[in-house]
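# Observations on the three-dimensional arrangement
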Amino acid sequence: MAAAFGGGPRTNRVRVGPIDLAARVDEALAVQAVAFGLGAEEIEVRRHIVLRHLDHPHARALGALTRDGRLVGFVYGMPNDRGHWWSTVVEPYLRATGSAHWLDDSFVITELHVHPDFQNRGIGRTLITTVTDAVAQPRSILSAIDTDSPARGLYRSLGYQDLARQVVFPSAPKPYAVMGAPLPLRRA
């Protein structure tokens, strides 16, 4: 896969391409901690989750790297499996809205995070479009905190629509929205 570049006039270019996320999991979680406001305890829990996800044979991960090799963003996902924990939580909400079929033949964006110092420069857009362009599934699904946020605005601009709102994950302090989009994602 050729490297894609994100960045604007205010920033050095950042290379987006495949990474060994398992080898760089601590760097990725440091980005997520800053971007998402996570504490050390939650990061340790997420570390085990990420490593378990990466055992999936069709998991895909991309990173956004500065010229000096610093990881400033990442995305990973995999084909959805209705037996996975995430699917079992969101399925009743999707069923209630008539959207449960989105769990079939979909690529799940499990995590997408960009360090705040590098946000609003097209890096998140490049990460998500590049990872989904390489998959065989005809659609993509994800969950995001159910507020009007820059992340939700990005997802909407790419063609994601709300499939269910006010989805409550155990131990999550805020409700989420589940969003879905046909692939390939819409371009600006």
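An account of the accompanying structure is given in this report. (Residues numbered from 1 in each chain as written. Predicted model: local features only at pLDDT ≥ 70, side-chain atom pairs only at ≥ 80, totals over all residues. Heavy atoms only, no water.)

## A short note on the overall build of the protein
- The helix and strand inventory of the protein stands at five helices and eight strands.
- Listing each helix as α and each strand as β along the protein from the N terminus yields β-β-α-α-β-β-α-β-α-β-α-β-β.
- At 16 Å, the protein has a C-alpha radius of gyration in line with the 16 Å of a compact globule built from 188 residues.
- Counting only C-alpha atoms, the protein reaches 45 × 40 × 35 Å along its principal axes.
- Buried positions account for 48% of the 188 residues belonging to the protein.
- Within the structure as shown, the protein displays about 9400 Å² of accessible surface, and the carbon and sulfur contribution to it stands at 52%. (Helix = DSSP H or I, 4+ residues; strand = E, 2+ residues; numbered from the N terminus. Rg over C-alpha atoms; globule rule 2.2 N^0.38 Å. Buried < 20%, exposed > 50% of the residue type's maximum accessible area, 1.4 Å probe, protein only. Areas by Shrake-Rupley, 256 points an atom, 1.4 Å probe, with all protein chains shown as cover.)

## Points about helix H1 (residues 25–36)
- Across its 12 residues, H1 extends 16 Å between first and last C-alpha, which sits within 8% of the 16 Å expected from 1.5 Å per residue.
- Every buried residue of H1 is accounted for by Val25, Ala28, Leu29, Val31, Gln32 and Ala33.
- Looking at the buried residues of H1, the elements they touch are helix H2 (40–53), strand E4 (71–79) and strand E5 (106–114). (Expected span 1.5 Å × (residues − 1). Contact = heavy atoms within 4.5 Å.)

## With respect to the environment of Gly98
- Within the secondary structure layout, Gly98 lies in the loop between helix H3 (85–96) and E5.
- Sequence spacing of Gly98 and Leu163 is 65 residues, and the spatial spacing of their C-alpha atoms is 8.5 Å.

## Let's talk about the packing of aromatic side chains
- A complete count under the given rule lists three aromatic pairs for this structure.
- When the ring of Trp85 is compared with that of Phe169, the centres are 5.7 Å apart and the planes differ by 35°; the resulting orientation is tilted. Note that Trp85 is positioned in helix H3 and Phe169 in the loop between strand E7 (161–167) and strand E8 (176–182), a separation of 84 residues in sequence.
- Residue class for Phe169 comes out buried when judged on its relative accessible area of 7%.
- Plain terms: the ring middles of Tyr155 and Tyr160 are 5.8 Å apart, the flat faces sit at 65° to each other, and that makes the pair edge-to-face. Considered together, Tyr155 and Tyr160 belong to a single accessibility category, that of buried residues.
- Of the aromatic side chains, those joined through ring pairs into one cluster are Trp85, Phe169 and Tyr176.
- When the ring centre of Trp102 is taken as origin, the NZ or CZ atom of Arg139, which lies over that ring, is 5.2 Å away. (Phe/Tyr/Trp six-rings, centres within 6.5 Å; stacked < 30°, edge-to-face > 60°. Lys NZ or Arg CZ within 6 Å of the ring centre and 35° of its normal.)

## Section: the side chain of Asp146
- You can see Asp146 is positioned in the loop between strand E6 (139–145) and helix H5 (150–157).
- Residue Asp146 is classed as buried on the basis of its relative accessible area of 8%.
- Within the structure, the side chain of Asp146 is placed 3.5 Å from the side chain of Arg152, a separation counted as a polar contact. (Polar contact = N/O pair within 3.5 Å; in protein donor to acceptor, adjacent residues only side chain to side chain.)

## Digging into the pattern of salt bridges
- As enumerated under the stated definition, the model contains 12 salt bridges in all.
- Linking Arg165 and Asp162 is a salt bridge whose minimum nitrogen-to-oxygen distance equals 3.8 Å.
- When salt bridges that share partners are traced, they join Asp146, Arg152, Asp162 and Arg165 into one network. (Salt bridge = Lys/Arg side-chain N within 4 Å of Asp/Glu carboxyl O.)

## Comments concerning the pairing of E4
- In terms of residue burial, E4 counts as a mostly covered element, since nine of its nine residues are buried.
- Across six bridges, strand E3 (residues 60–65) lies against E4 in antiparallel orientation. Within E4, the residue paired with Ala64 across the bridge is Gly73.
- Joining the antiparallel neighbours E3 and E4 is a turn of five residues, in which Gly69 adopts a positive phi near 90°.
- As defined by bridge partners, E4 adjoins E5 across seven bridges and the pair is classed as antiparallel. Paired with Val75 across the bridge in E5 is Leu112. (Pairing = 2+ DSSP bridges.)

## Overview of the nonpolar core
- Grouped together as the largest cluster of nonpolar side chains are 26 residues, with contacts concentrated most on Ile109, Leu112, Leu127, Ile128, Leu142, Tyr155 and Tyr160.
- For this core, the secondary structure elements donating two or more residues are strand E2 (14–18), E3, E4, E5, helix H4 (123–133), E6, H5 and E8.
- Filtering out sequence-adjacent residues up to four positions away, Tyr155 remains in contact with Leu112, Ile128, Leu142, Ala144, Tyr160 and Met179. (Core = buried A, V, L, I, M, F, W, Y, C linked by side-chain atoms within 4.5 Å.)

## Topic: H5
- Burial in H5 covers these residues: Arg152, Leu154 and Tyr155. One face of H5 carries all of its buried residues, which in axial projection span an arc of 155°.
- Buried positions along H5 lie against E5, H4, E6, E7 and E8.
- Positive phi appears at Gly159, one or two residues downstream of H5, with a value of about 105°. (Arc of directions from axis to C-beta.)

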